[in-house]
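Okay, here's what each chain looks like letter by letter:
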Amino acid sequence: MTFDTSIRFCNSCGASIEIAIPDGDTRERHVCNNCGRIQYQNPKIVTGCVPLWQDRILLCRRAIEPRLGLWTVPAGFMENNETLAEGAMRETLEEACAPVSDIRLFGVYSLPRISQVYVMFLGNLLRENGFAVGAETLEVRLFREDEIPWDEMAFRVVETTLKRYLGEREHGGFSIALTDLH
């Protein structure tokens, strides 16, 4: 198991921590030497949306690292006190200034190597030109299938999602995928 070495102090009492297997547990954890509180490390949830307008897909060119300058769908870390769908809609507004409707679950992708889980939705743009560059975006554009810049995709999970969407669209039906990307 890989541990975040930046966790050196308890977030409850401030005392130092040690790596130990707590009573009744089977894994090493960060445990406070003073109060015994476990400093859990859990996967991050990334939620995103494939915004659609007729036969086109809205993509964003990233203005931030990682993968600065490459294309992706609007996605980001889920915030506290929001649902998965709310997070996907928020990210679409933040990154592409694009409100979406009819949002529906499309895929759940586990990336254990980086301890992330991506939850991807499909959503319909409200207007054909209803988008703009957001704070984390250099460019936003609608792409037809033959225009998608496959060699400039920021993340494998986005490429996997888009290829699956296009394949299922061709067959006229959509399923919800549960996929592990190693």
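Residues numbered from 1 in each chain as written. Predicted model: local features only at pLDDT ≥ 70, side-chain atom pairs only at ≥ 80, totals over all residues. Heavy atoms only, no water.

Caption draft 1: Just unusual backbone geometry, in detail. Across the junction of glutamate 65 and proline 66, the peptide omega takes the value 0°, indicating a cis bond. Within the secondary structure, proline 66 sits in the loop between strand S5 (56-62) and strand S6 (71-72). With a phi close to 65°, asparagine 81 is a non-glycine residue in the positive phi region. Inspection of the secondary structure puts asparagine 81 in the loop between strand S7 (75-77) and helix H1 (84-96). (Helix = DSSP H or I, 4+ residues; strand = E, 2+ residues; numbered from the N terminus.)

Caption draft 2: Representation of the nonpolar core in the model. Ile57, Leu59, Tyr109 and Leu162 are the most contacted members of the largest nonpolar core, which has 23 residues in total. When residues of this core are traced back to their parent elements, those giving at least two are strand S4 (44-53), S5, strand S8 (100-111), strand S9 (116-125) and helix H2 (156-171). Per-element accounting of this core gives the leading share, five residues, to H2. If we skip the residues at most four places from it in the chain, leucine 59 touches Trp71, Thr72, Val73, Glu139, Val140, Arg141, Phe143, Ile148, Pro149 and Leu162. Grouped together as the second largest cluster of nonpolar side chains are 14 residues, Cys49, Trp53, Ala85 and Phe121 included. (Core = buried A, V, L, I, M, F, W, Y, C linked by side-chain atoms within 4.5 Å. Buried < 20%, exposed > 50% of the residue type's maximum accessible area, 1.4 Å probe, protein only. Contact = heavy atoms within 4.5 Å.)

Caption draft 3: Summary view of the pattern of salt bridges. Scanning the model with the defined rule gives 12 salt bridges in all. The closest approach of N and O atoms between arginine 61 and glutamate 152, which form a salt bridge, is 3.3 Å. Of this pair, arginine 61 sits in strand S5 while glutamate 152 sits in the loop between strand S10 (137-143) and H2, placing them 91 residues apart in sequence. A relative accessible area of 29% means that glutamate 152 is categorised as partly exposed. Here glutamate 91 and arginine 90 are joined by a salt bridge, their closest N and O atoms 2.9 Å apart. Residue classification places glutamate 91 among the buried positions, given a relative accessible area of 5%. For arginine 90, a relative accessible area of 18% corresponds to the buried category. (Salt bridge = Lys/Arg side-chain N within 4 Å of Asp/Glu carboxyl O.)

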